[in-house]
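So the chains spell out like this:
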Amino acid sequence: MDLPQLLRTMPKAELHIHIEGSLEPELIFRLAARNGVALPYPSVEALRAAYAFSDLQSFLDIYYAGAGVLLKEADFFEMAWAYLERAAADNVVHAEIFFDPQTHTERGVPVEAVILGLHHACQRAHAELGVSAKLILCFLRHLSEEAALEVLEQALPWREYFIGVGLDSSERGHPPEKFARVFARARELGLHVVAHAGEEGPPAYIESALDVLKVERIDHGVRCVESPALVARLAASRMPLTVCPLSNLKLRVFPKLEQHNLKVLLDAGLCATVNSDDPAYFGGYLNDNFVQTFAALPALTRADAYQLAKNSFEASFASAAEKADWTARLDAVYAAT
Ligand code: ADE
Ligand code: ZN
């Protein structure tokens, strides 16, 4: 039995990836040169060397600066296509991809350029790589709810090109209830709803994401373990958590990967999944997250690997037929590896 081989080859869904967080330093430099954007770093190596974070905010500052090279539809296409090719190599069969339109509209980039560029990459991934790829529009929680309502309305002409909305950026001090109205509006429009909660914020933020925003998945959610009643609720409802181990390590949610609570979450019966969050910044794509986490947590078994991949399909917004197809492919790989 070769566990890393199983982790790499099993088909899986990625449900927590910020497309701007897949922007590699090489592409940042290429787009900066093409678009005439000045960068405060002399080289790719110098930029990469700056990726040493102390918490979420220290990462977000550099992540938003990196996204400043994205101006044209073609830039968004190239970024997303690079991610999707990389994801296909990790046997990702389905990706639900976050994007942050406000990061771009605030710089004068039309929302149309953002959505069309990303959408065309998703279309091509389906046609050429056999990867199903969908988009989730995220609101930046450090901005106002009015700004979120505004960007949602701006995006509506392209409503068919995204399947849901999410909530990301600086968590502490920006509780989910700040966005009650915009999430109600999104639900009215038939969009799926998810939110980051319990990454740096307390379990109460997970509760208000559930009770006020009525989310269908919690992004991160690892701090739920501080409330046994909340863990019981999440387990009973099979509420998915999109866990991002290397992100948690790099943003110091856990001091060491060996201390990550992924096994605890699975043993509590939670629908936990493994995801890369911002792979260009955190040192690994999806299979790196799986392989490094399993190496750091020897209590994780082959059965846990299977469960995590199965959970990723269960937690996705794909159709029942797609989920059944991917799960059958997973069963075949599991039986053969
Ligand atoms: N935006 C990109 N990555 C994020 C994360 N891990 N948490 C909150 N907002 C983000
Ligand atoms: Zn995230």
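Values in this document were obtained by computation on a predicted structure and should not be read as measured data. (Residues numbered from 1 in each chain as written. Chains lettered and ligands numbered in written order. Predicted model: local features only at pLDDT ≥ 70, side-chain atom pairs only at ≥ 80, totals over all residues. Heavy atoms only, no water.)

**Student:** Mind showing me how you'd approach the packing of helix H8 (residues 145-155) against helix H9 (residues 180-188) here?
**Tutor:** At a closest axis distance of 8 Å, the pairing of H8 and H9 adopts a crossing angle of 20°. Put simply, H8 runs roughly parallel to H9. Within the contact between the two elements, H8 uses Glu145, Glu146, Ala148, Leu149, Leu152 and Glu153 and H9 uses Ala180, Arg181, Val182, Arg185 and Ala186. Class assignment of the residues belonging to the contact of H8 with H9 gives a composition of six nonpolar, no polar and five charged. (Axes fitted to C-alpha atoms, helices over the stretch in contact; angles between N-to-C directions. Helix = DSSP H or I, 4+ residues; strand = E, 2+ residues; numbered from the N terminus. Parallel < 35°, antiparallel > 145°, perpendicular 65-115°, else oblique. Contact = heavy atoms within 4.5 Å. Nonpolar A, V, L, I, M, F, W, Y, C, P; charged D, E, K, R; others polar.)

**Student:** How do you make sense of helix H15 (residues 286-296) when you look at a structure like this?
**Tutor:** The periodicity of an α-helix, 3.6 residues per turn, causes residues three or four positions apart to be oriented the same way. The buried count for H15 comes to eight of eleven residues, which makes it a mostly enclosed element. All of the buried residues in H15 are Leu286, Asn287, Asn289, Phe290, Val291, Thr293, Phe294 and Ala296. (Buried < 20%, exposed > 50% of the residue type's maximum accessible area, 1.4 Å probe, protein only.)

**Student:** Where do I start with the coordination of the zinc ion (ligand 2) in this structure?
**Tutor:** Geometrically, a metal with four donors at the corners of a regular tetrahedron has ideal angles of 109.5 degrees, and one with six donors at the corners of a regular octahedron has ideal angles of 90 or 180 degrees. Protein coordination of the zinc ion (ligand 2) is provided by His16 (NE2), His18 (NE2), His196 (NE2) and Asp277 (OD), with donor distances spanning 2.0 to 2.2 Å. Between the four donor atoms coordinating the zinc ion (ligand 2), the angles at the centre fall across 82 to 173°, so the site counts as irregular. When the donor residues of the zinc ion (ligand 2) are listed from N- to C-terminus, their spacing reads H-x1-H-x177-H-x80-D. Of this pair, His18 sits in strand E1 (residues 12-18) while Asp277 sits in the loop between strand E8 (271-274) and helix H14 (279-282), placing them 259 residues apart in sequence. The same class applies to His18 and to Asp277, which are both buried. (Donors = N, O, S within 2.8 Å, 3.2 Å for Na, K, Ca; no water. Tetrahedral: all angles 85-135°; square planar, octahedral: opposite > 155°, others 65-115°.)

**Student:** What should I look at first to understand the nonpolar core in this one?
**Tutor:** Proteins that are soluble and globular tend to have nonpolar side chains buried together. One finds Ile97, Phe139, Phe183 and Tyr281 to be the most contacted residues of the largest nonpolar core, which totals 111 residues. In this view, Tyr281 contacts Glu20, Gly21, Leu23, Ile28, Tyr51, Phe53, Phe59, Ile62, Tyr63 and Gly66; residues no more than four positions away in its chain are not counted. In terms of nonpolar packing, the next biggest core, distinct from the first, is built from five residues, Phe98, Cys138, Val194 and Phe317 among them. (Core = buried A, V, L, I, M, F, W, Y, C linked by side-chain atoms within 4.5 Å.)

**Student:** It is not clear to me how the side chain of Asn311 should be interpreted in this structure. Could you clarify?
**Tutor:** Within the secondary structure, Asn311 is located in helix H16 (residues 302-314). Beyond its immediate stretch of four places on either side in the chain, Asn311 contacts Arg238, Leu266, Leu270, Cys271, Ala272 and Thr273.

**Student:** Sorry if this is basic, but what is going on with empty space enclosed by the protein here?
**Tutor:** Inspection of the entire model under this criterion finds two cavities of 30 Å³ or more. Computed from the structure, the largest cavity encloses a volume of approximately 110 Å³. Taken together, 15 residues make up the lining of the largest cavity; nearest its centre are His18, Leu56, Phe59, Leu60 and His196. With four residues, helix H4 (residues 56-66) is the single largest residue contributor to the lining of the largest cavity. Along the lines of polarity and charge, the residues of the lining of the largest cavity split into six nonpolar, four polar and five charged. (1 Å grid on protein atoms, 1.4 Å probe; cavity = no way out; pocket = protein on both sides within 12 Å on 5 of 7 lines; lining within 4 Å. Points joined across faces, edges and corners; volume = space filled by probe spheres on them.)

**Student:** Hey, could you run me through the layout of surface pockets in this one?
**Tutor:** It is a probe the size of a water molecule, rolled over the atoms, that shows where empty space is left. Of the volumes computed, that of the largest pocket is approximately 230 Å³. Looking at the largest pocket, it is lined by 13 residues, and the ones nearest its centre are His119, Cys122, Gln123, Ala133 and Lys134. Elements represented by at least two residues in the lining of the largest pocket include exactly helix H7 (111-129) and strand E3 (132-140).

**Student:** Is there a simple way to explain the environment of Pro279 in this structure?
**Tutor:** Examined against the element boundaries, Pro279 turns out to sit in helix H14. On the basis of relative accessibility, which here comes to 2%, the residue Pro279 falls in the buried class. As for Pro279 and Cys224, which are separated by 55 residues in sequence, their C-alpha atoms are 24 Å apart.

Geometric values such as these leave the question of function open.
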